[in-house]
Structure formats: structure tokens, C-alpha cells
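# Examination of the molecular architecture
One-letter residues, chain by chain:
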There are 4 protein chains.
Amino acid sequence: MTATSAPVDVGHLNESEVRSYSREWPAVFSRARGSRIWSNEREYLDFFSGAGSLNYGHNDPCAQRALVDYLSEDGILQSLDMQTDARLEFLRELYDLVLGPRDLAGYRAMFTGPTGTNAIEAALKCARLATGRTRALAFTGGFHGVSLGSLALSSNGAKRSAAGVPLTDATLVPFDSPSQEPGEALDWLERAHFLECPESERPACVVMELVQGEGGVHVASREWAQGVELICHRYGVPLIVDEIQTGCGRTGRFFSFEHYDLRPDMVTLSKSLSGIGLPLSILLVDPAYDLQDGQHNGTFRGNNAAFVTATACLRKYWSDDVLAQRTRDREDLVTNILVDSGIADRFQVRGKGQLLGIDLGAADVTAWVASELFAAGILVETAGDRGQVLKLLPALTMESEDLNKGVTAIADVILRVCRESTAF
Amino acid sequence: MTATSAPVDVGHLNESEVRSYSREWPAVFSRARGSRIWSNEREYLDFFSGAGSLNYGHNDPCAQRALVDYLSEDGILQSLDMQTDARLEFLRELYDLVLGPRDLAGYRAMFTGPTGTNAIEAALKCARLATGRTRALAFTGGFHGVSLGSLALSSNGAKRSAAGVPLTDATLVPFDSPSQEPGEALDWLERAHFLECPESERPACVVMELVQGEGGVHVASREWAQGVELICHRYGVPLIVDEIQTGCGRTGRFFSFEHYDLRPDMVTLSKSLSGIGLPLSILLVDPAYDLQDGQHNGTFRGNNAAFVTATACLRKYWSDDVLAQRTRDREDLVTNILVDSGIADRFQVRGKGQLLGIDLGAADVTAWVASELFAAGILVETAGDRGQVLKLLPALTMESEDLNKGVTAIADVILRVCRESTAF
Amino acid sequence: MTATSAPVDVGHLNESEVRSYSREWPAVFSRARGSRIWSNEREYLDFFSGAGSLNYGHNDPCAQRALVDYLSEDGILQSLDMQTDARLEFLRELYDLVLGPRDLAGYRAMFTGPTGTNAIEAALKCARLATGRTRALAFTGGFHGVSLGSLALSSNGAKRSAAGVPLTDATLVPFDSPSQEPGEALDWLERAHFLECPESERPACVVMELVQGEGGVHVASREWAQGVELICHRYGVPLIVDEIQTGCGRTGRFFSFEHYDLRPDMVTLSKSLSGIGLPLSILLVDPAYDLQDGQHNGTFRGNNAAFVTATACLRKYWSDDVLAQRTRDREDLVTNILVDSGIADRFQVRGKGQLLGIDLGAADVTAWVASELFAAGILVETAGDRGQVLKLLPALTMESEDLNKGVTAIADVILRVCRESTAF
Amino acid sequence: MTATSAPVDVGHLNESEVRSYSREWPAVFSRARGSRIWSNEREYLDFFSGAGSLNYGHNDPCAQRALVDYLSEDGILQSLDMQTDARLEFLRELYDLVLGPRDLAGYRAMFTGPTGTNAIEAALKCARLATGRTRALAFTGGFHGVSLGSLALSSNGAKRSAAGVPLTDATLVPFDSPSQEPGEALDWLERAHFLECPESERPACVVMELVQGEGGVHVASREWAQGVELICHRYGVPLIVDEIQTGCGRTGRFFSFEHYDLRPDMVTLSKSLSGIGLPLSILLVDPAYDLQDGQHNGTFRGNNAAFVTATACLRKYWSDDVLAQRTRDREDLVTNILVDSGIADRFQVRGKGQLLGIDLGAADVTAWVASELFAAGILVETAGDRGQVLKLLPALTMESEDLNKGVTAIADVILRVCRESTAF
């Protein structure tokens, strides 16, 4: 592998060593709009989108304007779970534009704190209190957050070890895999964790992503996903679908579970929910699993700035199917470029909508490609259990020309690195 | 107890039952400025301050203006832990204005996700990885958050039960109490958890608030707090001081531990850190306990909107000691009103700076008082293990006249309720 | 179902309600010899053999005489793990007669306390200390004891619930089943618990019985058992075979794993080891997994009375293959009776050697059969997760005539109960 | 320190390294009677008594004869929890001779498996099931066994670490200490674990020894022990007194709790219960905490050989108070020798009845003394968290002359080693 000069440390002198993106992309960023992001020195095309929290690009003008207006009127910003106009308006649009039209208005909405891991922690409480059981079942390759409850569901070994305590009350089982007949996998899952398990030790819930982003962009098959839901229903175990990264249209539907005709008992949303990158998270929960007064709380569960931008974006992007349809179309568009360039022949390309992964097989090559892309002005993240996957998360609103240009450049860099790499 | 009319449910039709403040204060709020907050119907004087997250009042004009400017320039909003101008500027001011002048520049700053519980979860990882031990020691009456790791440190029984799983790797021990000689309490603490404990099972850390807010406004004595620190040092156990509610000047110093001449190994800050109520949290950590690359993460740990408002407020309020001194003075001012009104004779008044509690002894009386105050246009929260404490958290910037008027009104309502109550 | 008269409670007035066999067989027993056992009122033919702890029948005369002689000479009885003549002699015969000839002299012998569960607890310590991991993998249907460590490996739901605490650091996975292709089961086992599992969370050990006695007499297939061993070796995970009930010739070999050509890393022996029913237990452990000085202990690990009887029985029964061969032959003999009587057509008959089960499908019928057999003077136990299996455990030394007569009587009672039962 | 020649390893060639007494006392023992025990080479005077399991000395002739007679009559030996004559007779004598006269006939007797740790495991189940809580409270310095449930209550660090898993559902708190005012210790205990503890997390039980043997012969004060019982009663928490080492007269009463006028909810007995060193254990349990059918089991809970010897010894030694009185007298007798020799001036002598410890302060000196005593033909064990205590456990039936001679020799060796030791 080539290494140019040692990367400049852009961390503050007194900053913790825990940071990671500031090492991969050693630049100081200042401004951003749509799919463009500027450091103090140059412009970048963004295929990272805040790890999926900027589906509508940076600084969506409608959201931005709504927030400036709200601030200018002294709109209340911090309200815990007091009721506010901004909060009610967000809930109304969520039900009117998103849940109602999808026959999902039966869910209750719970504000759980503004980050994804807060929503997962709350969902675990719902499931455990309702079932009286403790063990959550989740899948290898999944990622659900790093607070202790969520971390026990997340598969990454380094993150798990960093807990410094045993991760309990959770079991990880293999995710769907192309190399496995779904029927057999489901039989084993049912035997091991439901049928031959003392009833008191059955799972309290099953937690899954339908497209595993951090795990390396693995897509569940329809047969397997429906089979998991069926087992859950058969044994009265709530199914929790984590839509934190896949939601808000990322896969070409508002929820990824729409592709599978599932009806989860709980759904977590966060990341792109505020539309403009502000912290916001919500748990949709079947009333049978709802919590009672005060069983979960948190200071920042009433982030009105985020309610305001979320409302603006729901109205702009989810009053019709245009964005979702375009996202589904773009899956083909990107795939075609990767086929034409020969990438898809040589490497596995996986994903759904605009959550796409190119599995380059080895972590060093992938890191090299990402580093070269950064040098070329394109931000792309790596993923997968060994960091072997290039993960493409362009804004759903990226200009077509940028998308074309960007994906083509990505393909070019991959091919070039492969040629140069002694590892191939 | 009297009950006027049944409170109107201001929750959205489809909202979770988990919410609590919207029940206590059945109003729909819209705007806020300084210590005034407006529902759609009337004005309230705010002695709640977003549970301590609005030390500088609502919509501080400097912070507000800085954020509007930042938005107007397309400042980058969501950046995970990429380096940004806004982030660097916040760190610079934090070190220059707060940490440096207090001889605390040796800490590293870690962005842990934007809520207090994220910071506590990260601190636990630091302590457990560095010591190789697992058990955190915390104190009865403490509150540190409700994600699984933090919840194990939090003392509230109802919140703990809501976990639905055993809370492990933590032990709660009695907090300092006026009825106990600090020396004896410290002896027992040392024997039970350090001296007579197999070395491998000693605590991984001690986590404490110096003024317990949620627990009912209990203030640690100087002797006890210093004794706890001494024991920690003697056995190489890191001391974590939770300044989430007490920090940013609430007790009359930027950090409450300044009153005690402590030097914790880790400090958590959140709530008022952003200055305007946006989610922001930070962990200050001695380099000996720092984490490595990626051992903790989270999507919203780069909330630039909050960096911008935080920077504005640090500059405005922490370039000198004026606000802190005023807060210390106001402790006397409020206490005097409570003495003069006879409240302090009849009930225990506790606290430090502008984190003050009036222990009314019984939950029903306290709820009645809070409810009458709401009817009178004053927002005051209850606290304590049985909800028996009225907790006064006015903005540090409240107008003197409002503070006088508000506290006097609070005293009047307490006296009136006591007269009317058959419970007395 | 018919019920004659209410069973007389033969418990002592002040006895705990926990006892179970004294309820099933409401008689007060006094003497026993070979396969005959006498209550104060009548004689019984014993197909129970102390739950497998009397493979050589009651009061084997050689063992009995050796013990009387030892007592008469004031042989030391209780010696913890001090060295004694009786202990050394037992070890010598164990290695010379059993382990050496089977190429197993590489094992070390550990005295772990005199009951099977002590041996399992010690084996878990060996595995966990050597691997630095915590999670034991065991199989549904397995039974390994009821002290807390062993109970976590045991599958019976009622026994597990009686712990009153969560059973941790163990995972139960499905045992081999005729309805499952062994290859697929092994693939899933490997993926779920080894391949896709973070290395630090791989099992510390795999614990299995090759014929599950308490679980209802399920016999592992050769392909599956060897596959499990192969996976263990591939990932450096020690394999522990529990021979507590299957050992000492019960299945027609001294160890049941001889049928499978396995070489476990640890082997637990107990039950019939003392030959005469005295408490004795031993762990055979590969030196790589041995414990160090004092890491496990227990007052009664030096039960010399049991060493003396064990030595006598090893010499009498394991100097040649006669007993083992006869036990293998008797599997056919018993099976033929069950085939000829039509039992084997109607019900599944499973097992190996003289550990045989007749699966009657329903617990009430099985209990009825066992009760009628008791009335007819034959002791037979029930087993299986729902008590639906009649478990035949005759002494390996039972007279041929008694075996014939007893099995024929058992078949007759089954057929009669089936005719009378309205459940069929 | 002096070292003669390297100790000969008396272990079998293939024996586990786990053994410990065979290293301390490198001899092969063969016979024993009363307080004398013979290796193949010489005679020893026994101040060890099988770690307290031989209160009546080796091979008590009555017990020996009863067992030989039982064997000669083909008495049933192994019966699980079937009812037998031997079992009923033992229970009758236990109630008639021991429990009845002490007003303790309200207990139920549970056979839990033949070792002390089995009884502790069963007691934990009783407490946890009855209270619905999980956490057992035990005391530093205590020892209750090494199976996983009991080990969590045992204080020895090396033994705990050998578990290889976190020990959960138990908390160790400081035992009574002469340097602590009992009242303060009790206050702290009550605050920390009962009063300020959420009700659902209060202890499921408190487990204690009144004289801690393994921990170094620490004797609870009357005020403290009664205070613990009072707290237990106040909060409905069962008190479990572990009499495994202290029972059967060792402290000068059948139960050590008789000295304290306690009435525990559960009592564990083992060690000397069989009278002749055979494995036997029993749990006495208040009916409110009894288990139900089959909630605990174990193959060897019906060790009839031990019932027979236990019955013989109950009759011989507990039909009157002679042995108990003599044991109380002998406490003075031994103490006087230690006073007269100057030992008691120089070192702390602790204990009750014939469970006495001489705290020599340092482990190496204590080991040296024990080793010199072995060379002189006297077996004495070391104890204490650092092995710094010489533990005297002579048979209660030792000849007066032997006791005098032995204790005098022990005092002489201590004084000689002190003179020779450079450590003094």
C-alpha cells in the first residue's frame, strides 16, 4: 500500500483519542449544502451523508428557513416532554403523511431521547416489561448503538469489548445469508430459541435491521424476514425493526420493512428524521407494548428545533412518492454504473435504494480506496465486520449529474487501487 | 386534597403513555424568552428551566443570533466526529474560559453523543477498560440517566424496575447524610468496598453528584466528599463527578466540585452546556482513562448548532465571575425569603446556588403545591425519592424582581396549601 | 385415568416438601441386594438402579466385603485431599484397568467433591480459566446438576426456574435430532456460536451427554457428535463429555464416548463410580485445562469408603470386557422383547446398552404405567422434558431371568394401560 | 526461613495439580482412630479433624459398628430421596435429640445432596423463590463452598477468581470487627442494603457464619449478630446461618447460634453430621421458605451409610449435654495453656469451644509453624485471608492428655519458630 505523508491531526490539542472520522478525513469542515461540503481548503462531494442522517442533503433550505423563523419568533426550544406547538405539529404530519397512508396509524409515538440508541433502549424496556422476559435476540452484523442495552445487541467485537463488562440479556444469532437456505435457518432459529427453550427463557423480543448498514450492507431476503416475523407471532414475541439508518426513505420506501410487507411491533427512527441533521429519535410502538408514565425519560426528548425541521422535511419530501420512487430508480442507476465499469463483476455489490455497499474483500484495500477518494474530494465511508466494504450513502436529493460523476469516480479509484495494490 | 377539574390531556391522540410533564402541566407551550414561557393561553414564570438545561434562560439572544447566523451561512450542522470550525471554536473557548483558568486544562474532552446518559455510558467504559474491573459504585438518591449502563447507577426504584432486566455491575451505597458522622460513613465505605474486598472486585469507579438534584436536593458535606476522593486515590479507583445538572454555574461555580476542592478523574457535562437547550454533552477525562479510536461512538456527537450556541454562551457568561457570584448571592436572597415567610422554620430547605429544594415531607402535598403554582402561572418541579421535595431551578439570569416575586408566591402557596390540607 | 387409593405419605412428619421419589414410590425401603430391593412389606425388582448409580446392583458382595474389611482395620475414612492408601490404590486401578487400555492415560484425575454436580462445576472452572472466556455451550434435553453453575447447563424448565436468579454464562442449543440433517445442524451451530461470534464471546466449552438420560433417552448420532468435536477442535474450545449417568459401562462401553471415537478434553464421572452407591465423583482433564493448587476444593472430596468400594468394583468388572459385552448384547435382548410384544411398533424405543427409553408420548400415561409397575413390584422411573418416557436402567448384573421377566412385565403393563386409558 | 529437604510429591503420577493438603502434609495416610492418624511411616496427633468433619474423632467405634452391621444386613445404601428405615431413623433422632429439646422442631429437614455446598445452594433457592428477589448478602471472611452459587458468598479472592465468570446476585459486606462499634456497623448495613435500597433490590437473604472458620476464626459479637437478625426480621429477609463447620457441637453447643439466642430461618449442617466423616448434609428450613416437589435434587442425597453413622453418633453424643459442656470447658483449658506459655500475650487468640485460632500475623511464619508441627507429628491447618492464622480443630473427644500435650507442643513450636525467624 502507498502512504503519502502522515495525516495531519486535526483534533484539538486536548481532545480525546476516541474520535475516528477526524482521522480518516483529516480536514476541518465549515460549510455544507446539499451534497457538497467544504473544508477550509476545498470542496467535497458527500457520499457519506452524516452516516445516513442527511437523506435530504445538508441544510435543506426549507428546513433551514423553518428553523430560522422559529428561532426568530422565540419558539420554545427545550421542553422535555411538555406539550408544544412544534411537537404536536410534527406528530400530526408524521401520522398524516407517513403512518396513516401506510396503515400504520395504530402505532403510538414515543419520544425517547434524541439519539438512536435512546430509542433502542426504550424499545427493550417495552418488550421486557410486557413479556416479563429478559433476553433480546438480535443478529450478527447488526448495529443498534453503544449504550449498554443497545451494545448488547450490536455485533461489532471491538465495540462490544469496549463495554468493559459482560453484555448480558441478549443473544446474537446469524443473519440471513445467501449461502444458507432460509427455511433451514428459520427451523434452527425456531428450535434453538423458541421451541426447545423453556418458555420463561424465550426471547423478550427480536431486534433486526432489514438492511444491515454498519455490518457491511447485507440485505435480508423476503422469505427469511417474513419467516422471522411469523416465528415471533407464533410465540408472542415482539418484533422490533430498527429503521434508524434504513428509515426516512433511504431504501426507496419510508420504512425498509415496507419492501417486506412486515408489520413490526416496534420501529425505531432517528438519523434523518429531523431532516437537517439535528438530534431526533422516535419509537413507534404497538399499544400492547407501550410504557407507562415516566418509565423512560431523558432531558432532550423535546428538541423543538428538530421537530420544526422534521416537520418541514416531512411536508416537502413525503407528501407524495416522488423521492421514494427516485431512490428506487437510483438503485438501478448506480448499479448500472458499477456493472458497466466492471466493478460488479469483480466485487459483490449489495444493498437497496441508496444504501449500497461494494465488498472489496479486504480492509486495507478498502481503506486505501476511501483515502484516495478523500484525496480526490469524495467522502465515502467503510463498513463491515472487517472494514472491507465501501458504503455509498449519497443524499437521496443529490443532483443526478453529481451522482453519476461520483459513482464513476468511485469505480475508477477502485480499479486503480486494485491495479496498484500488491494485495491483488 | 382538592382537585379542580380533571386535567385536559394535551398529548397527541397517538402518543405514548410514557410522557409525564405534559400531564403535570397540561398546557401547549409555544414561545419562551428568558424566564418567561407562553402557552397558547397564558404566560408562565419558569422555575423549572428545562430541568436545569436552561441556566441562561430561554432563547438567550446572543446564542440565538449566533445560531441564526450560522444557519444563514450554511454552516455544517451534522458532522459526527469530523473536525469542524464550530467544534474547534467550542473546544478552544471551553479550555480558554473554563478549564484553563481553573487549572483543569489537563482533561481531555470527549464528545459522547448529545445527552447526559451518553456521557455517563462513556465514562463507565473509560473506567472499566482502564481498571479491568466492572463494578461501578454510586450513591442512593443519585440520578445519572436511563440507558442501561447509567440506569444501574440511578437510585429511583420505579425507573430501575422499568429496565425489565437485572441491573448489574453497579452497587449503590448511602449518600452523605446529616444524621451520620462522615468519618464513620467513610470507614464503612472503605471497609466494605475497598479494604475487605478482593482486589479484583474493587470498584471500577465511584460516580457521584455533589448536589443530588433528582434525588431531592441533597448536598454532600465537604468532609465526606473529600473523604470519598481520598479513598478513591488510595486504591487507584477513578472518581467520576456527574455535573450534568450541577454544572455550567448552577451551584454558583462553573463546576459544583469547585466548592469542594476536588479534582475528579472524569466529569460529565450536559444540560445547560449548549446554553440554549440544544442537545450537547461532553466528558472531561484524565488522559489516564481516555478511550481509544472508535471505542465509543454515536451519530449525533457532532451537533454543530449546539457548538455554536455553547460558544456564544461561554463567551457571554464565563469570561468573568459575575454570573457565578450572582448565583452564590442569590442562594442567600432566596433563603432569606423562605426564612422570612416561615417556610424555612417549618420545612427543610436545602441546596447550593440556584439548585434549591424545599422538603415538604409528603408527596401529595408537594404535588398539590406544584399544581396550585401551575394554576398561578409558575412552573416548579417536584423531586425526591417520594416526590416530596419542591425543586427550585430558576434561570441564573432571571430578573431579580421576578425571582423575588416568584419565590414569595411559592412561599405563599405552600402556606396556603398547608392550611387547607387535612394532612397537616 | 384410574386412581386407586390416595398414596400414603411416607415422608417424616417434619420433612421438606422437596422430595419426589418418596411420593412416586410410597414405601419405606430397608434392604437391597443385586436387583432386588425390599420395603418393610414386600420385594421389588429394580429397573431404576439409583438413577444409574448402581450399575453393579445393590450391595455388590466384593465391594461390601472390602468396605467391611476397611472399616474393621480402622482405615482412614475422611481425608479431604490428603494422600491415602485407598486413594492411591483407586487411582492406580483406574489408570491400569480403565484409562490405560483405552489410550486415555493422558488425562489427569481430579477429585472435585463427591457428587456429579461438583465435577461439572470444576470442569467449568477449568474451561473458563484456560480460555479466558465465560460462556458454556450445552444442549437442550441435557441434565448436568442443580448447583448454580451446572444448572445453567441443564435444560429442565422447572429446575431452572427454581434457581430464583437468571442463569448466566451458558447457552443451550438444540441437541441432535432424527428430524434434522446433522450437517445442517452443525453448520448453524458453527455459524451462530463460533464463526460469526466475536472471538472473545466464543464458548469457553461445549458440554454434552452422548445419551441424554434425564432428557428422555436421546442418543446422539455419530456424525453429529464427531462434527461437534471437530468444531470444538477447529476453534480451540474444550469439549466436556458428561459421563455421570452414561459412564461405568451403562451403554456397553466404560465410557459412552468410546462408541463415537471421540477424545474429549474433559470427562465427568460419578454415580456408579463407587460401585456400591456411595458418593464419589471424578473429573478427567487434559493437562492443558488442569486447575492449580486450591482453585477448587470441598470437604468430602476424599471419601475413602467410596475409594475402597470403587477399587473392588473396577477389579471385578473391568479387568476384562465381559460385563461391557453382555451389556451390549442385552440391548438387543431387551429390544427384541419390546419388538415381539408390539411395544416397539407403537412407541419409539431409544437408547444404548442398558440405558433405554420407551417414549409413551404423554406424561399421564407414563406416570400411570410407572405407578402400576410399582404396584406390581417393579421400580421404573420416568424421564423426558414432559415426563413422557419410561426409562429402563436395570443393573448390568441383573440375572437374565429377571431381566426377561421384568421387561415382559413392563411391556404387559404398558399394553394394559393403553387399553384402559381413555387417552388412546 | 528454614527449609529442610524438598517435600516429596505424594500425588499419583496422573493427578490434578488442584490438590493442596497432600502438598502441605506430604505423607500417605492409611489408618486412623480417635485423634490418632497413621501414615505408612509414623503416627500423627490430629488437630485438623478433617477440617471439622470429625468432631467425634476418627472411626468412632459405635458409628463404625453400626455401619458394619448395616452392611452385613444388606441395608440399602443408595436411595436418592426414596424413604428408608435408615433415613427415617436419622430424622427421628435429629428431631428427638437435637431439634425438639432446643425448641427447633418447627424446622423442616431437607436432604440437599451430601456436601455443604449443596445445602447452601438449596438454601439460596429457598430464599430467592420465597422473596422473589435475587441478591444474597454475605460477609467478608465467610466461606460457604465453591459451586457457583455458594462461591458468590465466599470471600476468598483466589477461590472467587477461579470461577472464571463474574459472581453475581451476591454482595459481601464487612463482618463484625472488634475495631467497629456494632451499632454503627448495623446502622450502615441497614441504610445501605435495606432502608435506602429500592424494595425490589433488597437482599433475598442474609447468610452468615457466627464463627468464621476458613476466614481466620473470627467470632461475631452478640450485639452485632442479634442486630443482623433484627434487621432481617424488620424487612422480611430470611436469615441463613451456616453451621457447616460450627455445628454438631464444635463451639460448645450443638449449633453455634445457641450462644446468641438467634432463631435463623434456615440452617445448614454438614461436615461432622455423619459422625464418621461420610458425606452428609442437611438444610433446616422454616416452612415459610420450603421448596416444592423436585425444585432441588441430586443423586446422592440419600446416603444411607451416613444416616446410619449419624444416628449412632447423635445417640451417643447428644442424648445429654456432656460433650457440649466438655467442649465449652476445653475452650478455657486450651486458652490457659496459650496464656501460660505467653502465646496469648504475643498473638491474638480467638474462637469459641474447640474452634480456636492463633493469629500469627504473617503467612510465612504460620506455614513454617504448621510445617514444623507436621515434622513433629501434629497436624494443624492454617486459615485466614492471608493464611496467617493457625487453626486448632481437635476432636471434641480427644483425650485430655493428648489435648494438653498437643497444645503445649504447638505453643513450643510457635515460640521456637519466632525465635528462629528473621521476620520477627
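Preceding this paragraph is the structure being described.
It should be emphasised that the depicted structure is a prediction, and the values quoted were computed from it without experimental measurement. (Residues numbered from 1 in each chain as written. Chains lettered and ligands numbered in written order. Predicted model: local features only at pLDDT ≥ 70, side-chain atom pairs only at ≥ 80, totals over all residues. Heavy atoms only, no water.)

Laying chain C over chain D is done by rotating through 180° and shifting 0.0 Å along the axis; what remains is an RMSD of 0.0 Å. Taken together, these values place the two copies in the relation of a two-fold axis. Comparing interface residues between copies, 100% of those in chain C also lie at the interface in chain D; the contact surface is shared. (Least-squares fit on C-alpha atoms with pLDDT ≥ 70 in both. Contact = heavy atoms within 4.5 Å.)

Of the residues lining the interface, 103 residues belong to chain C; the matching set on chain D comes to 103 residues. Between chain C and chain D lies a buried interface of about 8,500 Å² when both sides are counted; carbon and sulfur atoms form 60% of it. If you sort the residues of chain C by the area they bury against chain D, C:Val18, C:Asp74 and C:Phe300 come out on top, with a joint share of 8%. The interface formed by chain C and chain D contains six salt bridges. Among the salt bridges present, the one from D:Arg33 reaches C:Asp74, with a minimum N-O distance of 2.6 Å. Our count for the contact surface shared by chain C and chain D stands at 56 residue pairs in polar contact (both at pLDDT 80 or more). Broken down by class, the residue content of the side of chain C that touches chain D amounts to 46 nonpolar, 34 polar and 23 charged. Pairing between strand β1 (residues 28-33) of chain C and strand β4 (residues 83-84) of chain D: two bridges, direction parallel. (Buried area = accessible area lost by both parts, 1.4 Å probe. Salt bridge = Lys/Arg side-chain N within 4 Å of Asp/Glu carboxyl O. Polar contact = N/O pair within 3.5 Å; in protein donor to acceptor, adjacent residues only side chain to side chain. Nonpolar A, V, L, I, M, F, W, Y, C, P; charged D, E, K, R; others polar. Pairing = 2+ DSSP bridges. Helix = DSSP H or I, 4+ residues; strand = E, 2+ residues; numbered from the N terminus.)

Residue and element names in this part refer to chain C. The strand order β14-β15-β18-β17 describes an open sheet built from four strands, whose pairing is antiparallel. Lying at the two open borders of the sheet, with one neighbouring strand each, are β14 (348-352) and β17 (381-383). Direction aside, the axes of adjacent strands within the sheet are offset by 30° on average. Where β14 meets strand β15 (residues 355-359), five bridges bridge the pair, whose relative direction is antiparallel. (Axes fitted to C-alpha atoms, helices over the stretch in contact; angles between N-to-C directions.)

Attention now goes to the sheet that holds strand β6 (residues 136-139) of chain B. Residues and elements named next belong to chain B. Strands sit in the order β5-β13-β12-β11-β8-β6-β7 across an open sheet of seven strands; the sheet is mixed. In the strand order of this sheet, the two ends are held by β5 (108-110) and β7 (170-173), each with one partner. Strand-to-strand twist in this sheet, taken as the mean axis angle between neighbours without regard to direction, amounts to 20°. In terms of strand pairing, β5 meets strand β13 (residues 282-285) through three bridges, oriented antiparallel. Across the sheet, residue Met-110 finds its bridge partner in β13, namely Leu-283. On top of the sheet, helix α4 (residues 85-99) reaches β5 and β13; it is set at about 55° to β13, its chief contact.

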